Amino acid sequence: MNPNVEYLNSFVNVSEEMVNELKKISVLKKIDAGTELVKLNEVPTKLYMLLSGLIRCYLSTESGKNFNKSFYLPLSFVGALTALLHKEPSKFVFEALEDSEVYEIDFDKFMNLCQNNPEINTMYSRILEAIYTKYEKRLIDLISLNATDRYLELKKQIPNVDKLIHQYHIASFLGITAVQLSRIRKKIDSD
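Residues numbered from 1 in each chain as written. Predicted model: local features only at pLDDT ≥ 70, side-chain atom pairs only at ≥ 80, totals over all residues. Heavy atoms only, no water.

Colleague: Even after reading the chapter, I still don't get the packing of aromatic side chains, so can you show me in this structure?
Modeller: For any pair of aromatic rings, the description consists of the separation of the ring centres together with the inter-plane angle of the planes. Counted by the stated rule, this structure contains six aromatic pairs. With a centroid separation of 5.1 Å and an interplanar angle of 45°, the aromatic rings of Phe 71 and Phe 173 are classed as tilted. Taken as a pair, Phe 71 in strand E4 (residues 66-72) and Phe 173 in helix H8 (residues 167-174) lie far apart in primary sequence, 102 residues in all. Centroid distance Tyr 72 to Phe 94: 6.1 Å. Interplanar angle 35°. Geometry classified as tilted. Taken together, the residues span a long stretch of sequence, with Tyr 72 in strand E4 and Phe 94 in strand E6 (residues 93-106) at a distance of 22 residues. There is no split in this pair, since Tyr 72 and Phe 94 are both buried. Ring-pair connections join several aromatic residues into one group, and the members of that group are Tyr 7, Phe 11 and Phe 77. One Lys or Arg, Arg 56, reaches over the ring of Tyr 58 and ends 3.8 Å from the middle of that ring. (Phe/Tyr/Trp six-rings, centres within 6.5 Å; stacked < 30°, edge-to-face > 60°. Helix = DSSP H or I, 4+ residues; strand = E, 2+ residues; numbered from the N terminus. Buried < 20%, exposed > 50% of the residue type's maximum accessible area, 1.4 Å probe, protein only. Lys NZ or Arg CZ within 6 Å of the ring centre and 35° of its normal.)

Colleague: Any chance you could explain the pattern of salt bridges here in plain terms?
Modeller: Once the charged atoms of two side chains with opposite charge are near each other, the side chains can pair. One pass over the structure, following the stated rule, counts 12 salt bridges. A salt bridge links Asp 162 to Arg 185; the shortest N-O distance between them is 2.4 Å. Here the residue Asp 162 occupies a position in helix H7 (residues 161-164), and Arg 185 occupies one in helix H9 (residues 178-190), the gap between them amounting to 23 residues. Looking at Asp 162, the relative accessible area reads 31%, which means it is partly exposed. For Arg 185, a relative accessible area of 17% puts it in the buried group. Overlapping salt bridges, with partners in common, bring together Lys 137, Asp 141, Glu 153 and Lys 156 in one network. (Salt bridge = Lys/Arg side-chain N within 4 Å of Asp/Glu carboxyl O.)

As structure tokens, this is what we get:
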């Protein structure tokens, strides 16, 4: 079975008709590393299904400091959801960290499908539940775990994180400096 269909099936059983409806509003795109899928203060109109590659979501302060909010690996949905829902400028930037392949999905057309197709609406609800659960876990980790435990948790989620993502991006995601991350790695390696 097609891995993309399998991924959708992890939320809800998808019919061939449903897949065909989704294909009509999607465009397969290759994205170069460094490309911003959503720019800061841009009002987005698309969401993405990441097929290959790596994407980060970050917040940029007025002083130019970046804070990584999320990393997206295949297969996952990527998009500035709050900005999409409210048709407002995105507070986050979504950037490809390596060459990636995505399905670009027109959000308004997708929402129209949700209104007219109970099967697609159920899938959307299940995807939102999964996203909410993921972010709730991230919030709990940030509140309750120390930096070492947050790093170990990230390594569980992305086993080869140190090879995939630059140290300064990982440190930003963990809410620490690159120097602190280096010390944590050194301590873990010596234990």
